[in-house]
Amino acid sequence: MNKRMTKLIASALLALDMTMALPVAAADNRAGGSAFDNKSCGSCHAASTSTIGPSLKDIAKRYKGKPVAAELAQRIRAGSEGRWGGPAHPAYEGLDPADALLIATWILGGAAR
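Owing to the predicted nature of the structure, the values given are computational and were not obtained by experimental measurement.

(A) Here's a closer look at the packing of helix α3 (residues 69–78) against helix α4 (residues 97–108). In contact at an axis separation of 8 Å, α3 and α4 are set at 120 degrees when each is read in the N-to-C sense. Classified by the interaxial angle, the pair formed by α3 and α4 is oblique. Of the two elements, α3 crosses α4, and the hand of that crossing is right-handed. Contact residues: Ala69, Ala70, Leu72, Ala73, Ile76 and Arg77 in α3; Pro97, Ala100, Leu101, Ile103, Ala104, Thr105 and Leu108 in α4. In the contact of α3 with α4, the residues fall into 11 nonpolar, one polar and one charged.

Rendered as structure tokens:
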């Protein structure tokens, strides 16, 4: 097989892989937003305005391009203080780790609805 044909096949497979991943990403995005709503996170965090806690936009901006979803999920569950200069983030130890990761990933991805 020549180089051009190999590149064409590789591109087609990559495009197919990305297309197949879109429904999963969309489902994870909806699940992250739902978990955020179900856990009443919106009582302290708004989309683009700082209230009691930082805005989702500010959180995503601070960590843009950094692989911190697992760390952020852990802080959601264990609590955190001093990172944003406001009140401490309370611990939500009863929050399922998978839900915390969905919420963190959703926030870091721009918290799209």
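(B) Broad picture of α3. Buried residues of α3: Ala69, Leu72, Ala73, Arg75, Ile76 and Arg77, and no others. Those residues of α3 that are buried are in contact with α2 (56–62) and α4. Two residues or fewer past α3, glycine 79 is found with a positive phi of approximately 90 degrees.

(C) Quick look at the side chain of serine 80. Examined against the element boundaries, serine 80 turns out to sit in the loop between α3 and α4. There is a polar contact of 3.5 Å between the side chain of serine 80 and the side chain of arginine 83. Apart from the residues lying within four places of it in its own chain, the contact partners of serine 80 are Arg75, Ala88 and His89.

(D) The nonpolar core, seen in detail. Counting residues in hydrophobic clusters, the biggest one holds 17 residues, and the most contacted among them are Phe36, Leu56, Ile59, Ile76, Ile103, Trp106 and Ile107. The greatest single-element share of this core, amounting to five residues, is contributed by α4. In contact with isoleucine 76, other than residues within four places in its own chain, are His89, Pro90, Ala91, Tyr92, Leu95, Ala100, Ile103 and Ala104.

(E) Molecular detail of unusual backbone geometry. Phi at serine 40 takes a positive value of approximately 60 degrees, unusual for a residue other than glycine. If you trace the backbone, serine 40 turns up in the loop between α1 (3–38) and α2. For serine 40, a relative accessible area of 44% puts it in the partly exposed group. Unusually for a residue other than glycine, alanine 111 sits at a positive phi of about 50 degrees. Under the relative-accessibility criterion, alanine 111 is labelled buried at 15%.

(F) Local environment of α4. When the terminal C-alpha atoms of α4 are compared, their 16 Å separation across 12 residues agrees well with the 16 Å that a helix rising 1.5 Å per residue should span. Among all positions in α4, only Ala100, Ile103, Ala104, Trp106 and Ile107 are buried. Seen along its axis, α4 keeps its buried residues to an arc of 165 degrees; they face one direction. The backbone nitrogen of alanine 98 has a side-chain oxygen 2.8 Å away, supplied by the residue at the start of α4, namely aspartate 96. Backbone geometry just after α4 places glycine 110 at a positive phi near 105 degrees.

Conventions and cut-offs
Residues numbered from 1 in each chain as written. Predicted model: local features only at pLDDT ≥ 70, side-chain atom pairs only at ≥ 80, totals over all residues. Heavy atoms only, no water. Axes fitted to C-alpha atoms, helices over the stretch in contact; angles between N-to-C directions. Helix = DSSP H or I, 4+ residues; strand = E, 2+ residues; numbered from the N terminus. Parallel < 35°, antiparallel > 145°, perpendicular 65-115°, else oblique. Left-handed = near helix turned anticlockwise from the far one by under 90°. Contact = heavy atoms within 4.5 Å. Nonpolar A, V, L, I, M, F, W, Y, C, P; charged D, E, K, R; others polar. Buried < 20%, exposed > 50% of the residue type's maximum accessible area, 1.4 Å probe, protein only. Polar contact = N/O pair within 3.5 Å; in protein donor to acceptor, adjacent residues only side chain to side chain. Core = buried A, V, L, I, M, F, W, Y, C linked by side-chain atoms within 4.5 Å. Expected span 1.5 Å × (residues − 1). Arc of directions from axis to C-beta.

By themselves, these are just geometric observations and shouldn't be taken as functional.
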